[in-house]
Amino acid sequence: QEYTIIKMELIAPFPEKFKVLEGKKVFLAAATLRPETMYGQTNAWVLPDGKYGAFEINDSEVFVLAHRAALNLAYQNRSRVPEKPSCLLELTGRDLIGLPLKSPLSFNEVIYALPMLSILMDKGTGVVTSVPSDAPDDYMALHDLKAKPALREKFGVKDEWVLPFEIVPIIEVPQFGNKCAETVCLQMKIKSQNDKEKLVEAKKQTYLKGFTEGTMIVGEFTGRKVQEAKPLIRNKLLETGQAIIYSEPEKRVMSRSG
Ligand code: ZZB
């Protein structure tokens, strides 16, 4: 699987726990398959109990991500020490909640890291960027946080990290409109981010429709099909140093014949 890692920059001044990183450029490293949706980011997602680390990618840049992803990156020439992850600071998802971030292409100039309970630590980087207009999981998780003060309280999430963030329409999809994820979640009567089976189905539908029939309605490639815009936007992000390529080694298949 080839992901694009989006470099979501931690805005200074850093909180106490992150002071050892001062002077470096620090990024939450979010793995995405949909770089063309970055205009619509409203927050980042982390797993509260997930183990993360702050790793030196080169002499000046630090990525916050899962240890396994740091190891993979080290073998892809993305570590200060060749083939060896260099961890400056051990972190948990809880340490990341509430960090203010500046993310490439996002219309929201400052967004925050928030808790999502379905984040997988053995997929991508364990950090996900949230696009509730086009990703059903993101739509439901943000909806839950907005609707449930008790959930915000449980994870120490301040109102101002969540409540001001509206869905940003970025892609028009025939029959689904410009808030594709919301449309599908409402149609399927999905109740919360814990409605796992329905969300898998919703994701499938949205991916397919968005990719094959979607048209960009914002940004440099307004009016272009998503299929055309995707590689163009991805290349821009890569060329301008706002993103890097991340290849995820295939999961080992547990069969002798395979
Ligand atoms: C932004 C985005 C915008 C995404 C969208 C999707 C959609 P797949 O097909 O299952 O591999 N993701 C990445 N890493 C994780 C993780 N560790 N745990 C949970 N979710 C993760 O899906 C890849 C997508 O899953 C990635 O692309 C990321 O969310 C999320 F409009 O990034 B995406 C219809 C989906 N739309």
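Summarised in this report is the structure supplied together with it.

Conventions and cut-offs
- Residues numbered from 1 in each chain as written.
- Predicted model: local features only at pLDDT ≥ 70, side-chain atom pairs only at ≥ 80, totals over all residues.
- Heavy atoms only, no water.
- Helix = DSSP H or I, 4+ residues; strand = E, 2+ residues; numbered from the N terminus.
- Rg over C-alpha atoms; globule rule 2.2 N^0.38 Å.
- Contact = heavy atoms within 4.5 Å.
- Areas by Shrake-Rupley, 256 points an atom, 1.4 Å probe, with all protein chains shown as cover.
- Lys, Arg positive; Asp, Glu negative; His and termini not counted.
- Charge placed at Lys NZ, Arg CZ, Asp CG, Glu CD.
- Core = buried A, V, L, I, M, F, W, Y, C linked by side-chain atoms within 4.5 Å.
- Buried < 20%, exposed > 50% of the residue type's maximum accessible area, 1.4 Å probe, protein only.
- Near = heavy atom within 4 Å.
- Polar contact = N/O pair within 3.5 Å; in protein donor to acceptor, adjacent residues only side chain to side chain.
- Nonpolar A, V, L, I, M, F, W, Y, C, P; charged D, E, K, R; others polar.
- Phe/Tyr/Trp six-rings, centres within 6.5 Å; stacked < 30°, edge-to-face > 60°.
- Lys NZ or Arg CZ within 6 Å of the ring centre and 35° of its normal.

### Comments concerning the overall build of the chain
Check the secondary structure of the chain and you find seven helices and twelve strands. Its C-alpha radius of gyration of 18 Å places the chain within 12% of the 18 Å reference for a compact globule of 258 residues. Here the analysis covers contacts within the chain between residues at least 6 apart in sequence; of these, 70% occur between residues at least 24 apart. Accessible surface, the chain as shown: approximately 12600 Å² in total, 53% of it carbon and sulfur. In the chain, the 35 positive side-chain charges and the 33 negative ones have mean positions that sit 3 Å from each other.

### Side note on the nonpolar core
Phe18, Leu28 and Tyr52 are the most contacted members of the largest nonpolar core, which has 66 residues in total. In terms of residues, this core owes the most to one element, helix H3 (residues 136-147), which gives five residues. Formed by 14 residues, the second largest nonpolar core is a distinct cluster that contains Tyr3, Ile5, Ile244 and Tyr246.

### Describing the environment of Ile11
Relative to the helices and strands, Ile11 is located in the loop between strand S1 (2-10) and strand S2 (25-32). Considered as a pair, Ile11 and Ile111 are 100 residues apart in the sequence and their alpha carbons are 10.0 Å apart. Not counting chain neighbours up to four residues away, the residues in contact with Ile11 comprise Pro100, Leu101, Lys102 and Val110.

### Thoughts on the site of the ligand
Taken together, 18 residues lie near the ligand, and Thr32, Leu120, Lys123, Asp134 and Lys203 sit nearest. The separation between an oxygen atom of the ligand and a polar side-chain atom of Thr32 is 2.7 Å. Within the side chain of Lys123, an N or O atom sits 2.5 Å from an oxygen atom of the ligand. Elements with a contribution of two residues or more to the shell around the ligand: S2, strand S9 (128-130) and helix H6 (196-213). Top element by residues in the shell around the ligand is H6. It accounts for three residues. Along the lines of polarity and charge, the residues of the shell around the ligand split into ten nonpolar, four polar and four charged.

### Points about the packing of aromatic side chains
Across all of its chains, the model carries five aromatic pairs by this definition. A centroid spacing of 5.9 Å and a plane angle of 20° characterise the contact between Tyr112 and Trp161, whose relative ring orientation is stacked. Of the two residues, Tyr112 is situated in strand S8 (residues 111-115) and Trp161 in the loop between helix H4 (149-154) and strand S10 (171-172); the sequence distance between them amounts to 49 residues. Tyr112 gets classed as buried once you look at its relative accessible area, which sits at 19%. Taken together, the ring pairs in this structure connect Tyr112, Trp161 and Phe165 into an aromatic cluster. In this structure, Lys7 packs its charged tip against the face of Phe27, placed 4.9 Å from the ring centre.

On their own, these measurements won't tell you what the molecule is for.
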